[in-house]
Amino acid sequence: MIGQTPPMGWNSWPMFGEDVNEEVIMQVADAFVEYGLKDAGYEYIVIDDCWSLRERDKNKRLVPDPQKFPSGMKALSDYVHSKGLKLGIYSCAGVQTCAGYPGSLEHEFIDANTFAEWGIDYLKYVYCYKPRSLDGKILYRRMAMALRNCGRDILLSTCNWGWDEPSTWMRSAGAHTWRSTGDIQDNWNSVKSITLSLLGHECYSAPYCFHDNDYLVVGMYGKGNIALGGCTDDEYKTQFSLWCMMNSPLMIGCDVRNMNEATRTILMNKDLIAINQDFEGRQAYTVNDWISDDLLYYVKILSNGDFAIALVNFGERRARAHFQFWDLGLPMAAGYGLQLTDLWTKEDLGVETAFYRTMLDPHCCQVLRAKVVKL
Ligand code: GLA
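Residues numbered from 1 in each chain as written. Predicted model: local features only at pLDDT ≥ 70, side-chain atom pairs only at ≥ 80, totals over all residues. Heavy atoms only, no water.

Draft legend 1. Looking closely at the state of the cysteines. Counted by the stated rule, this structure contains one disulfide. Here Cys98 pairs with Cys128 through a disulfide, and the sulfurs are 2.2 Å apart. Since a negative S-S torsion denotes a left-handed disulfide, the Cys98-Cys128 link at about 100 degrees is right-handed. In this pair, Cys98 sits in the loop between strand S3 (86-92) and helix H5 (108-118) while Cys128 sits in the loop between strand S4 (122-126) and helix H6 (136-148), placing the two residues 30 residues apart along the sequence. In this structure Cys128 comes out as buried when scored by relative accessible area, which is 15%. With no disulfide of its own, Cys150 lies closest to Cys209 among cysteine sulfurs, the gap being 18 Å. (Disulfide = S-S within 2.5 Å. Helix = DSSP H or I, 4+ residues; strand = E, 2+ residues; numbered from the N terminus. Buried < 20%, exposed > 50% of the residue type's maximum accessible area, 1.4 Å probe, protein only.)

Set out below in structure tokens:
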């Protein structure tokens, strides 16, 4: 079954935009293997918008641009599959894609079958040029039906930026992931505003259909197609921590062929990935802070009885985080404590019985794994 846990992979749009081509995709597949991304769980390599010609062929089929994909999509998927990875592609529920290439409206079944013939494993399906008079739900149901009957497992990753309240119907329409926010940019304000806008809506996201917070901008450093400013490594760590805590798909945006050490360490933090991929897919809950509005305490129940606790400073000043175990249900006199491990430094922080306190720099976070132990 596909989509039981959040998909992990890479997407061409953040770094390459319309300059995507088969050479880049093959090199990304090579880099996945060479630098350990594949072993860490990253699997899907997704070609975003701008891969086709501007017109369909005489049989109404989409045609890959021969300048960008001279070997064709089947040869490319064979290559990606030979590395033990999967290939994704992009289309729109409307008449055109966002960049003006043919969309799949009224061609859903032809396109799903074409993608299956090409060996595609993932479809990102966006909402551009969707006629207002048509019900978006029907269009997503239609593509989901076409994909589920094309003879191949193809994950349906939808994106309509929150129009028409997709959180309430994308799962029933047959999608595996959905986006409900505008496009992310490679800067702190964008990461922060997407995160804060999603708090309180977590309950819609669960196994087989997860909310997609959009790309990981980790390692972009202000370069590429969606790069507006860049972030610090601490901010990238915070984005990665939050996306893991929120069970978002982990779709890398940076140029994985040229990652520095800091980027690799962030993207391949196995302890954080384990939280993202925890098979129960339970959503985190927030705990109010009594010291500062800028601090977020976020708690996620894990399937083995442990908890993941993220302490995040969204503010502009160094702040003291003070997290009380009472807030996750542990009464002080219960005779239990929490054995804490810092998932970034790997430090064993020992057993605490009532609270955990630490200082957090602006935009920084700490993520703990807490094991419940008898005292
Ligand atoms: C939409 C999506 C982006 C990207 C572009 C490509 O805007 O939200 O993530 O895929 O389409 O045109």
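Draft legend 2. Region of the structure containing the side chain of Asp49. Note that Asp49 resides in the loop between strand S2 (44-46) and helix H4 (73-82). Engagement of the side chain of Asp49 in a polar contact is seen with the side chain of Thr97, the distance being 2.8 Å. In terms of polar contacts, Asp49 uses its side chain to reach the backbone amide nitrogen of Ala99, at 2.9 Å. When sequence neighbours within four positions are dropped, the list of residues in contact with Asp49 reads Trp13, Gly17, Val20, Tyr90, Thr97, Cys98, Ala99 and Tyr101. (Polar contact = N/O pair within 3.5 Å; in protein donor to acceptor, adjacent residues only side chain to side chain. Contact = heavy atoms within 4.5 Å.)

Draft legend 3. Structural detail: the sheet that holds strand S6 (residues 177-179). With parallel pairing, eight strands are arranged side by side in an open sheet as S7-S6-S5-S4-S3-S2-S1-S8. In the strand order of this sheet, the two ends are held by strand S7 (210-212) and strand S8 (250-252), each with one partner. Direction aside, neighbouring strands of the sheet carry axes that sit 25 degrees apart on average. Relative to S2, strand S1 (residues 8-11) runs parallel, the two sharing three bridges. Residue pairing for S2: Asn11 is matched across the bridge by Val46. (Pairing = 2+ DSSP bridges. Axes fitted to C-alpha atoms, helices over the stretch in contact; angles between N-to-C directions.)

Draft legend 4. Fine view of the packing of aromatic side chains. On inspection of all chains with the given rule, the structure shows 15 aromatic pairs. Judged by centre distance (5.6 Å) and plane angle (90 degrees), the rings of Tyr125 and Tyr140 are edge-to-face. With a gap of 15 residues between them, Tyr125 in strand S4 and Tyr140 in helix H6 connect regions that are remote in the sequence. The residues Tyr125 and Tyr140 share a single accessibility class, namely buried. Taken together, a centroid distance of 6.4 Å and an interplanar angle of 65 degrees make the contact between Phe240 and Trp344 edge-to-face. (Phe/Tyr/Trp six-rings, centres within 6.5 Å; stacked < 30°, edge-to-face > 60°.)

Draft legend 5. Focus on helix H2 (residues 22-34). Between its first and last C-alpha atoms H2 spans 18 Å; for 13 residues at 1.5 Å apiece the expected length is 18 Å, and the two agree. Listed as buried for H2 are Glu22, Val24, Ile25, Val28, Ala29, Ala31 and Phe32. Where the residues of H2 are buried, they touch S1, helix H1 (13-16), helix H3 (37-40), S2, H4 and S3. The N-cap residue of H2 is Asn21: its side-chain oxygen and the backbone nitrogen of Glu23 are 3.0 Å apart. (Expected span 1.5 Å × (residues − 1).)

Draft legend 6. Quick peek at the pattern of salt bridges. Here the structure, examined in full by the defined rule, presents 17 salt bridges. Here Arg257 makes a salt bridge to Asp255, at a shortest N to O gap of 2.9 Å. One salt bridge in this structure joins Arg318 and Asp361, with 2.9 Å as the shortest N-O distance. One end of the pair, Arg318, is in the loop between strand S11 (307-313) and strand S12 (319-324); the other, Asp361, is in the loop between strand S15 (355-360) and strand S16 (365-374), with 43 residues separating them in the sequence. Because the salt bridges share partners, they merge into one network encompassing Glu106, Glu108 and Arg142. (Salt bridge = Lys/Arg side-chain N within 4 Å of Asp/Glu carboxyl O.)

Draft legend 7. Expanded view of the site of the ligand. Taken together, Trp13, Asp48, Asp49, Tyr90, Cys98, Lys124, Val126, Cys159, Trp161, Arg179, Asp183 and Tyr215 make up all the residues around the ligand. Within the side chain of Lys124, one N or O atom sits 2.9 Å away from an oxygen atom of the ligand. Look at the ligand: alone it shows 310 Å² of surface, and the protein chains cover 94% of it. (Near = heavy atom within 4 Å. Areas by Shrake-Rupley, 256 points an atom, 1.4 Å probe, with all protein chains shown as cover.)

Draft legend 8. Focus on the packing of H2 against H4. Where H2 meets H4, the closest approach of the two axes is 9 Å, and the angle between their N-to-C directions is 10 degrees. In terms of axis orientation, H2 runs roughly parallel to H4. Residues Glu22, Ile25, Met26, Ala29 and Asp30 of H2 form the contact with H4, whose own contacting residues are Leu76, Tyr79 and Val80. Here the residues of the contact of H2 with H4 sort into six nonpolar, no polar and two charged. (Parallel < 35°, antiparallel > 145°, perpendicular 65-115°, else oblique. Nonpolar A, V, L, I, M, F, W, Y, C, P; charged D, E, K, R; others polar.)

Draft legend 9. Up close: the nonpolar core. Counting 98 residues, the largest nonpolar core has Trp10, Ile25, Tyr42, Trp51, Phe240, Val256 and Leu267 as the members making the most contacts within it. Those residues in contact with Leu267 that lie beyond four places of it in its chain are Leu37, Tyr42, Leu216, Val218, Phe240, Ile252, Cys254, Met259 and Ile273. Phe323, Leu328, Leu340 and Tyr356 belong to the second largest nonpolar core, which has 19 residues in total. (Core = buried A, V, L, I, M, F, W, Y, C linked by side-chain atoms within 4.5 Å.)

Draft legend 10. Structural view of the packing of helix H8 (residues 188-198) against helix H9 (residues 233-245). One way to put it is that H8 packs onto H9 with a least axis distance of 10 Å and a crossing angle of 20 degrees. Considered as vectors, H8 and H9 are oriented roughly parallel to each other. Crossing handedness for the pair H8 and H9: left-handed. Across the interface between the two elements, Trp188, Val191, Ile194 and Thr195 from H8 touch Glu235, Thr238, Gln239, Leu242 and Trp243 from H9. Here the contact of H8 with H9 is built from residues that sort into five nonpolar, three polar and one charged. (Left-handed = near helix turned anticlockwise from the far one by under 90°.)

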